[in-house]
Amino acid sequence: MDLTGLRWHDGQIGLAERVRDYPVVVHVAWRRWGKSSSRKLVTIDRIRRSHGFTEGCIGAHSHAEAKNLWEADLLAFGPWIVDKANEDQRRFLEFVGLKDDESVADGFDSKGCRVWYPSLGEDHKTFQAHGLFWAILDELSLLGTGAWDDTVAPMLLDNDGHALLYGNAYPEGPNFAGFSEIWQRGNPKNHLPCGDPECE
């Protein structure tokens, strides 16, 4: 599968590399940064840097938004899709194995991936039947309360999965407090010894 024709800017490539290196990456994206294309890059990177057949998840705050993401990816990745379904929490695209010289040299042997597109609004608990190797959560502050901690994070544990949580911090969002809490968990200033000048 030739991936050489795809282009991203250095910031997007750096984001995909951070998702490789850290179990959870929180990214606040501003307009015109290329959030949609970044999601596609991370999706491709997660699929090609895997062993065997895996499952991933691209979650949105509503069924309508999950369907929009599904439709955009079906259009973008059409030649790589071997199966699909578009039924609320059972919405998925199944990819062929994706490989490039770098992933093969690093010892990965992708055999394909089923990518789920669930709604993670207040009905997020209806999506709990899958073991995931990776997840991308779109607009974290708009998701249902507990969508990350109660639903998606536990599904990643069995496979030492990785997650990209991104979007803008919407104060009116139902999960704004959850977004803030996750952001603060990763803030280095919250982990420095008392008295360190960086704490101020």
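Here's what I pulled together on the structure shown here. (Residues numbered from 1 in each chain as written. Predicted model: local features only at pLDDT ≥ 70, side-chain atom pairs only at ≥ 80, totals over all residues. Heavy atoms only, no water.)

### Some words on the pattern of salt bridges
Okay, so step 1: All told, the structure shown has 12 salt bridges when counted by the stated rule.
Okay, so step 2: The salt bridge partner of R91 is D88, with a shortest N-O separation of 3.8 Å.
Okay, so step 3: Note on D88: relative accessible area 44%, which makes it partly exposed.
Okay, so step 4: D109 serves as the salt-bridge partner of K111, at 3.0 Å between the closest nitrogen and oxygen.
Okay, so step 5: A single network of salt bridges, built from pairs that share partners, joins R20, D45, R48, R49, D100, E102 and D106. (Salt bridge = Lys/Arg side-chain N within 4 Å of Asp/Glu carboxyl O. Buried < 20%, exposed > 50% of the residue type's maximum accessible area, 1.4 Å probe, protein only.)

### A look at the pairing of strand 6 (residues 134–138)
Okay, so step 1: With respect to burial, strand 6 is a largely interior element, 5 of its 5 residues being buried.
Okay, so step 2: Of the two faces of strand 6, the one lined by W134, I136 and D138 and the one lined by A135 and L137 are each fully buried.
Okay, so step 3: Where strand 6 lies against strand 7 (residues 162–167), 5 bridges are found, and the strand directions are parallel. What sits directly across from A135, in strand 7, is A163.
Okay, so step 4: Between strand 6 and its parallel partner strand 7, the chain crosses via helix 5 (residues 147–157), and the hand of that crossover is right-handed. (Helix = DSSP H or I, 4+ residues; strand = E, 2+ residues; numbered from the N terminus. Pairing = 2+ DSSP bridges. Right-handed = clockwise from strand over helix to strand, strands pointing away.)

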